[in-house]
Amino acid sequence: MGGVLLFYYLLALLMFAADQATKWMIVKKMDLGQSIPVIDQVLYITSHRNKGAAFGILQDQRYFFIIITIIVVGAVIYYLQKHATDRLLKTALALVLGGALGNFIDRLLRGEVVDFVDVYIGSYDFPIFNVADSALVIGVGLIFIQSFMESKQKETENE
């Protein structure tokens, strides 16, 4: 593994470590359901647990998520090793890898995912999330951006 690729694995490790450190603080320092305002009526740190996926769907499907995550992590590592040549794509895959591993460890060791970032948009209470979720969403968003840029480049080349 080259030094350049090592950078992306370190990025994934950094995301994983940040996720686990913040979750550890929430579990150790807050009671379940406790909420601390950061920006009143906008942002709260709320100790929450999720036994499902995004938005609380597929509750109590722990083993399903463990199996799916193992497959996704394997695919991301394979793609990062064999096919990713673009820096944006490598960064995106590193974020997805770190985020997937962060929530995977929660499901494996706790049986549920620790969530704590609680955002209100007007009167809408956005589903509570964590650092791993943020890394996953940003990583997937970057994959879409990279794919869009790549398709536009191919269109330009074909003209």
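Anything mentioned here points back to the structure above.
Conventions and cut-offs
- Residues numbered from 1 in each chain as written.
- Predicted model: local features only at pLDDT ≥ 70, side-chain atom pairs only at ≥ 80, totals over all residues.
- Heavy atoms only, no water.
- Helix = DSSP H or I, 4+ residues; strand = E, 2+ residues; numbered from the N terminus.
- Buried < 20%, exposed > 50% of the residue type's maximum accessible area, 1.4 Å probe, protein only.
- Contact = heavy atoms within 4.5 Å.
- Areas by Shrake-Rupley, 256 points an atom, 1.4 Å probe, with all protein chains shown as cover.
- Core = buried A, V, L, I, M, F, W, Y, C linked by side-chain atoms within 4.5 Å.
- Phe/Tyr/Trp six-rings, centres within 6.5 Å; stacked < 30°, edge-to-face > 60°.
- Axes fitted to C-alpha atoms, helices over the stretch in contact; angles between N-to-C directions.
- Parallel < 35°, antiparallel > 145°, perpendicular 65-115°, else oblique.
- Left-handed = near helix turned anticlockwise from the far one by under 90°.
- Polar contact = N/O pair within 3.5 Å; in protein donor to acceptor, adjacent residues only side chain to side chain.

### Some remarks on the overall build of the protein
And then number 1: When helices and strands are tallied, the protein shows 4 helices and 4 strands.
And then number 2: Each helix and strand of the protein, placed in order from N terminus to C terminus, yields the pattern α-β-β-α-α-β-β-α.
And then number 3: By its C-alpha atoms, the protein is 55 × 35 × 30 Å across when sized along the principal axes.
And then number 4: The burial tally for the protein puts 36% of its 159 residues in the buried class.
And then number 5: Within the protein, contacts between residues separated by at least 24 positions form 63% of all contacts whose residues are at least 6 apart in sequence.
And then number 6: Summed over all atoms, the accessible surface of the protein reaches about 9700 Å², with 67% contributed by carbon and sulfur.

### Considerations on the nonpolar core
And then number 1: Leu80, Leu93 and Leu97 are the most contacted members of the largest nonpolar core, which totals 15 residues.
And then number 2: Among the secondary structure elements, those contributing two or more residues to this core are helix H1 (3-29), helix H2 (62-82) and helix H3 (87-110).
And then number 3: Tallying contributions element by element places H3 first for this core, with 6 residues.
And then number 4: Setting aside anything within four residues of it in sequence, one finds Leu97 in contact with Tyr9, Ala12, Val73, Val76 and Ile77.

### Considering the packing of aromatic side chains
And then number 1: Applying the stated criterion to the full structure yields 5 aromatic pairs.
And then number 2: Ring plane angle 65° and centroid distance 5.5 Å describe the contact between Phe64 and Phe65, whose orientation is recorded as edge-to-face.
And then number 3: Between Phe126 and Phe129, the ring centres sit 6.1 Å apart and the planes meet at 90°, which makes this aromatic pair edge-to-face.
And then number 4: Through successive ring pairs, a cluster of aromatic residues spans Tyr124, Phe126 and Phe129.

### Some points on the packing of H3 against helix H4 (residues 131-158)
Between two packed helices, what matters for the description is the angle formed by their axes and the separation of those axes.
And then number 1: H4 packs onto H3 with a crossing angle of 155° between their chain directions and a minimal axis gap of 7 Å. Taken together, H3 and H4 sit at an angle that is classed as roughly antiparallel. As H3 packs across H4, the resulting crossing turns out to be left-handed. Within the contact between the two elements, H3 uses Leu88, Leu89, Thr91, Ala92, Leu93, Leu95, Val96, Gly99, Ala100, Gly102 and Asn103 and H4 uses Ala132, Asp133, Ala135, Leu136, Ile138, Gly139, Val140, Leu142, Ile143, Ile145, Gln146 and Met149.

### Looking at the environment of Asp86
And then number 1: Mapping Asp86 onto the fold places it in the loop between H2 and H3.
And then number 2: Judged by its relative accessible area of 31%, Asp86 is partly exposed.
And then number 3: With 64 residues separating them along the chain, Asp86 and Glu150 place their C-alpha atoms 9.9 Å apart.
And then number 4: A polar side-chain atom of Asp86 sits 3.1 Å from the main-chain amide nitrogen of Leu89.

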